[in-house]
Amino acid sequence: MHLLQIGLIGDRNDDVVAHRAIPLALGMAADACGVAIEPVWVPTDEVGTGAALAEFDGLWCVPASPYRSMDGALSAIRVARERHIPFLGTCGGFQHAMIEYARNVLGWADAEHAETAPQATRQVVVPLLCSLVEVTDAVQLMADSRLAQAYGTTAIAEGYHCNYGLSPDFRQVLDNGPLRINAMDDAGDVRGVELDDHPFFIATLFQHERGALQGRLPPAVHAFVQAAIAAG
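Along the backbone of the protein chain there are six helices and 12 strands. Computed over its C-alpha atoms, the radius of gyration of the protein chain comes to 16 Å, within 12% of the 17 Å expected for a compact globule of 232 residues. The burial tally for the protein chain puts 54% of its 232 residues in the buried class. The long-range share in the protein chain, meaning contacts at least 24 apart out of those at least 6 apart in sequence, stands at 70%. Across the protein chain, 14 positive and 28 negative side-chain charges occur, with their mean positions spaced 1 Å apart.

So, on to the pattern of salt bridges. The full count for this structure, using the stated rule, is 13 salt bridges. For Arg81, the salt bridge is made with Glu82, and the minimal N-O distance between the two is 3.6 Å. Look at Arg81 and you get buried, because its relative accessible area is 13%. Judged by relative accessible area, Glu82 falls into the partly exposed class, the value being 45%. A salt bridge links Arg103 to Glu112, with the nearest nitrogen and oxygen atoms 3.2 Å apart.

For the structure on display, the rule yields five aromatic pairs. Ring centres of Trp60 and Phe224 lie 6.2 Å apart, and the angle between their planes is 75°; this geometry places the pair in the edge-to-face category. Separated by 164 residues along the polypeptide, Trp60 in strand E3 (residues 58-61) and Phe224 in helix H6 (residues 219-231) bring together distant segments of the chain. Judged by centre distance (6.0 Å) and plane angle (80°), the rings of Tyr160 and Phe206 are edge-to-face. Taken together, the positions of Tyr160 in strand E8 (residues 155-160) and Phe206 in the loop between strand E12 (201-204) and H6 put the pair 46 residues apart, joining distant regions of the chain. An aromatic cluster is defined as three or more aromatic residues linked by ring pairs; in this entry it consists of Trp60, Phe200 and Phe224. Over the ring of Trp108 we find Arg122; its NZ or CZ atom is 4.2 Å from the centre of that ring.

Spatially, the three strands line up as an open sheet ordered E5-E6-E9, and their pairing is mixed. Looking at the sheet topology across the chains shown, the edges are occupied by strand E5 (112-113) and strand E9 (164-166).

A word on the nonpolar core. Grouped together as the largest cluster of nonpolar side chains are 79 residues, with contacts concentrated most on Leu26, Leu53, Trp60, Met98, Val124 and Phe170. Leaving out residues up to four positions away in the same chain, Phe170 has contacts with Met98, Tyr101, Ala102, Leu106, Trp108 and Val124.

Let's shift gears to unusual backbone geometry. Put simply, Ser65 and Pro66 share a cis peptide bond, and its omega is 10°. By the secondary structure assignment, Pro66 is in the loop between E3 and helix H2 (70-82). Of note, the phi angle at Cys91 is positive, near 60°, even though the residue is not glycine. Positive phi is not limited to glycine here, since Glu134 has a value of about 55°. Counting through the fold element by element, Glu134 comes out in the loop between strand E6 (123-127) and strand E7 (135-141).

Next up on the list: the packing of H2 against helix H3 (residues 92-104). It is the contact of H2 with H3, at a shortest axis distance of 9 Å, that shows an interaxial angle of 75°. Judged by the angle between their axes, H2 and H3 are roughly perpendicular. On H3, the residues touching Met70, Asp71, Leu74, Ile77, Arg78 and Arg81 of H2 are Gly93, His96, Ala97, Ile99, Glu100, Tyr101, Arg103 and Asn104.

Here we come to the packing of helix H1 (residues 17-33) against H6. Packing of H1 against H6 leaves a shortest axis separation of 9 Å and a crossing angle of 60°. Classified by the angle their axes make, H1 and H6 are oblique. In this structure, H1 meets H6 at a crossing whose hand is right-handed. For the pair H1 and H6, contact is made by Ala25, Leu26, Ala29, Ala32 and Cys33 and by Val221, His222, Phe224, Val225, Gln226 and Ile229, respectively.

It is worth spelling out the environment of Thr121 at this point. Structurally, the position occupied by Thr121 is in the loop between E5 and E6. A sequence separation of 10 residues divides Thr121 from Ala111, and the C-alpha atoms of the two residues are 8.3 Å apart.

Rules used in this analysis
- Residues numbered from 1 in each chain as written.
- Predicted model: local features only at pLDDT ≥ 70, side-chain atom pairs only at ≥ 80, totals over all residues.
- Heavy atoms only, no water.
- Helix = DSSP H or I, 4+ residues; strand = E, 2+ residues; numbered from the N terminus.
- Rg over C-alpha atoms; globule rule 2.2 N^0.38 Å.
- Buried < 20%, exposed > 50% of the residue type's maximum accessible area, 1.4 Å probe, protein only.
- Contact = heavy atoms within 4.5 Å.
- Lys, Arg positive; Asp, Glu negative; His and termini not counted.
- Charge placed at Lys NZ, Arg CZ, Asp CG, Glu CD.
- Salt bridge = Lys/Arg side-chain N within 4 Å of Asp/Glu carboxyl O.
- Phe/Tyr/Trp six-rings, centres within 6.5 Å; stacked < 30°, edge-to-face > 60°.
- Lys NZ or Arg CZ within 6 Å of the ring centre and 35° of its normal.
- Pairing = 2+ DSSP bridges.
- Core = buried A, V, L, I, M, F, W, Y, C linked by side-chain atoms within 4.5 Å.
- Axes fitted to C-alpha atoms, helices over the stretch in contact; angles between N-to-C directions.
- Parallel < 35°, antiparallel > 145°, perpendicular 65-115°, else oblique.
- Left-handed = near helix turned anticlockwise from the far one by under 90°.

Here you go:
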């Protein structure tokens with residue numbers, strides 16, 4: 001049986017619900033795809049330049065930030081983006097994917113996260129107007145997105161555990177692509193993005209992986225594993 005190695009970028013803590021859900025979600029996706037998956041936790045303070053991450057079949061930047069090393073998380077995301085390694089980011093992974101793109105694609109060297117740099121002048125990730133800690137909310141998927149293709153619908157509901165989201169100022173930049181919005185809430189706030197011209201690069205503020213704890217195969221994880229198989 002084909003074995004996939006998936007790098008889980010984040011600082012493992014079994015008290016974090018998503019960290020308990022992720023191996024289950026990957027196991028369910030492995031069964032659905034007929035492959036074996038070895039999840040490998042990579043602490044952010046051990047990423048370094050990220051060069052060793054190129055050996056993984058896929059990279060998932062997981063929830064529970066602030067990370068021990070923001071630079072480590074950003075390096076891992078950059079490797080996935082530049083080397084076309086299938087990538088999934090959830091919650092903190094979504095937030096840091098936005099910062100990595102702002103810094104390394106747009107050239108905004110001062111792009112920051114309000115949680116770790118509250119005095120920064122250019123905050124790409126800012127406090128949400130309403131907390132989404134342990135909230136389930138409706139999400140609208142863009143009809144032409146890979147995420148909608150994965151779910152087979154454009155109307156979903158998913159759970160969150162976060163207090164930070166995308167700055168409205170940065171949202172305007174996404175209209176120019178190739179990183180584009182694939183999910184919004186009913187108020188029009190960004191809840192997910194995906195990168196064109198990449199085998200698979202999806203990041204969501206919601207934690208769809210939690211569905212595995214209720215015995216449901218998360219569609220985005222299934223699609224992520226399918227992309228890792230195809231890329232291999």
